[in-house]
Structure formats: structure tokens, C-alpha cells
Amino acid sequence: MQIFFSRNTTSKRNSFLGLFLFLSLQLSAQKRFEFTHPQMGTIFRVVVYASDSAVARDITKKAFVRLDELNMALSDYREDSEVNTLCRTAGSGQYVKVSADLWNILQASVNAAQLSEGNFDVTIGPLTQLWRRMKRQKQLPTPTQISEAKAKIGIDKIVFNKTNQLVMLKTKGMRLDFGGIGKGFAEDEMMKVLKENGIKSALIEAGGNIVVSNSPTDSPKGWEIIINNEKYFLKNCGISTSGDAYQFVEIDGKKYAHILDPKTGIGFAEPHQISIIAKNGTASDWISTALYLIPKEKGERLAKKQKAKIIQ
């Protein structure tokens, strides 16, 4: 059988070939650039592949601006943050209109608390505040202090008006702490900015949390990530590590992890570490936090349900 190409078909074929060659040249011209920005009590490191340094710098700057916006919304250290403004209304019976950022992370946090059966809980703020004081004073909280703090904890104390994007905190003294989900959430939001501005391959790392997009041009298998001396090639996922290797308080010769158990009110006293690979930074962040506190078999079931990989 003879096949003939019309002039139009041949023209289209040549156009496609030209486009393919153009894209190939564009990809091969991509170079690696790295930038850092201090925020959320750590250093955010962004690695991008772009055509030149000016493009990379301008786009990464937009991602850092987004990070700063999120810090103003979510930081429990800043008294002028949106979350602390909300917490000051706790127990007043008042609904507060919140931003999309605070609303979205609260929805993700409540979902995480339900899936983890309360082992992850952003209302843990009263305990966080208590332990920060005890860390400075180098003494354990009393049972009474722990009990009083625990009385202000529980996602059932957060009430949502979904129609108008309003939030009410029912109990006086409630404090929200996004320490176990905020960095992963911020990295996901920053990655959105990078992608929207044409960055196809990027890595964002901050304080034990990593988010990666498509494979870099010089490593088609994926981003090379080393966890517990094992090499992984990863793309389009989040990676988080929770543990007390660096963040802990030592009182009377005993270590207590900075990750507090909302059920006992005390930091884990047996040193260990857990890493999670999940669908995005938000998921990997909260899952690693929850699994740090959950017995092994129960944690494995939760990870499997969330299609997350555990590395210990």
C-alpha cells in the first residue's frame, strides 16, 4: 500500500519536528540555581532549574514572598499573626473570618487529626507553650500544669462555618500550633508558585522537610535524596523526617523530644527517628509527626492507607 503525505501534512510534521528540537534545546539549556531564605525558625532552601540566573532569582523571590505571607498567617511566635489573632478570641463565642491560607491548613489539620486518631493535633498549642517555658527553666511541668493544658486541647473545640469561611475556638486559652504541618504546607504552596511561573523542576527543603517536582534535567530518574544513608531518586512528592536527634530538652539527665504527645502531654522519652515519603509536603509532614508517636503496627496501617512509604 502506498501512503502519500499532502503538503499540509508534511508542513505539520516539520512544525512538530521543529517544536521538538526547540523544546529539546530549551531543556538542555536549563541550569541549576540555589537560593535560601530564613523563615519559620529554619532556613528554606530552594533549588530550581532555569534558563538563566535572573529568571531563577525572580521566580524564586516570588516563592519566598509567598512563604513570608504564610508565616504571617500561621506563626504562633508572632503575636500579630493571623492565627494568634484568632486564638485571642478563644472562648468568646465569636466566629472569625479567616484567610484562605488559614482555612485550608485548618481543614488539612482536622483531617489529619481524624485520620491519626488524635495523635496529630494542631490544638496542642497550650502544651507547646508550657514546654517552651519548662525548657528555659530546665524542669518538668507538674501533673496539674499538664492537666490544665490538656483541657484546652482537641479538634472538637474548633467550629467551622463553611458557608462563610468562619472559625470559632470554643475554649478559653486555646492555642493553635502548626509546627507539625506548617513547613510542609508552605513548601507545597511555594512549589505552586514556582510551577505557575514556568519552573518545571525544583526542590524545596526546610528543617527536615523536602518537596520535589519533576526530575532535574541532569538526573532523569529523579532528585537524589539520601535518607539513613540510603539513596533514593524521587519526584513529585514530599519527604519528611521527625525525630529528636537535634531538637530535644534534657532534664535530670533524660531526653524529651520536641514532638509532644497530645494524649500524655509529654515529649517522647525514647530517642528515635522516622522518615516518610508521601504525595506532597503537607501529607509527609503531618504523617511523620503522627507516626513518631504511634506504635509501629498502627503507624504502618495509617501509612498504607495514605499511600505513604515509611523509612526507619
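Let me sum up the structure you'll find in this document. (Residues numbered from 1 in each chain as written. Predicted model: local features only at pLDDT ≥ 70, side-chain atom pairs only at ≥ 80, totals over all residues. Heavy atoms only, no water.)

## Here's the deal with the overall build of the protein
Now for step 1: Each helix and strand in the protein was counted, giving nine helices and 14 strands.
Now for step 2: For the protein, the residues scored as buried account for 47% of the 312 residues in total.
Now for step 3: Contacts in the protein between residues far apart in sequence, at least 24 positions, make up 60% of those at least 6 positions apart. (Helix = DSSP H or I, 4+ residues; strand = E, 2+ residues; numbered from the N terminus. Buried < 20%, exposed > 50% of the residue type's maximum accessible area, 1.4 Å probe, protein only. Contact = heavy atoms within 4.5 Å.)

## Section: the pairing of strand β10 (residues 237-243)
Now for step 1: Buried residues dominate β10, accounting for six of its seven residues.
Now for step 2: Bridge count between strand β7 (residues 209-212) and β10: four bridges; the pairing is antiparallel. Each residue of the ladder has a partner; that of Val 211, found in β10, is Gly 238.
Now for step 3: As paired strands, β10 and strand β13 (residues 273-278) are joined by six bridges and run antiparallel to one another. Looking at β13, one finds that Thr 241 is bridged to Ser 275. (Pairing = 2+ DSSP bridges.)

## Quick look at helix α5 (residues 125-137)
Now for step 1: Look at α5: 19 Å from first C-alpha to last across 13 residues, which is about the 18 Å you get at 1.5 Å a residue.
Now for step 2: In the segment just after α5, Lys 138 is the residue with positive phi, at about 55°. (Expected span 1.5 Å × (residues − 1).)

## Considering the pairing of strand β1 (residues 31-39)
Along any regular strand, the residues point their side chains to alternate faces of the sheet.
Now for step 1: Sheet analysis places β1 next to strand β2 (residues 42-50), joined by nine bridges and oriented antiparallel. Note that in β2 the partner of Phe 33 across the bridge is Val 48.
Now for step 2: Between the antiparallel neighbours β1 and β2 lie two residues, among them Met 40 with a positive phi of about 55°.

That is the geometry; function is a separate question.
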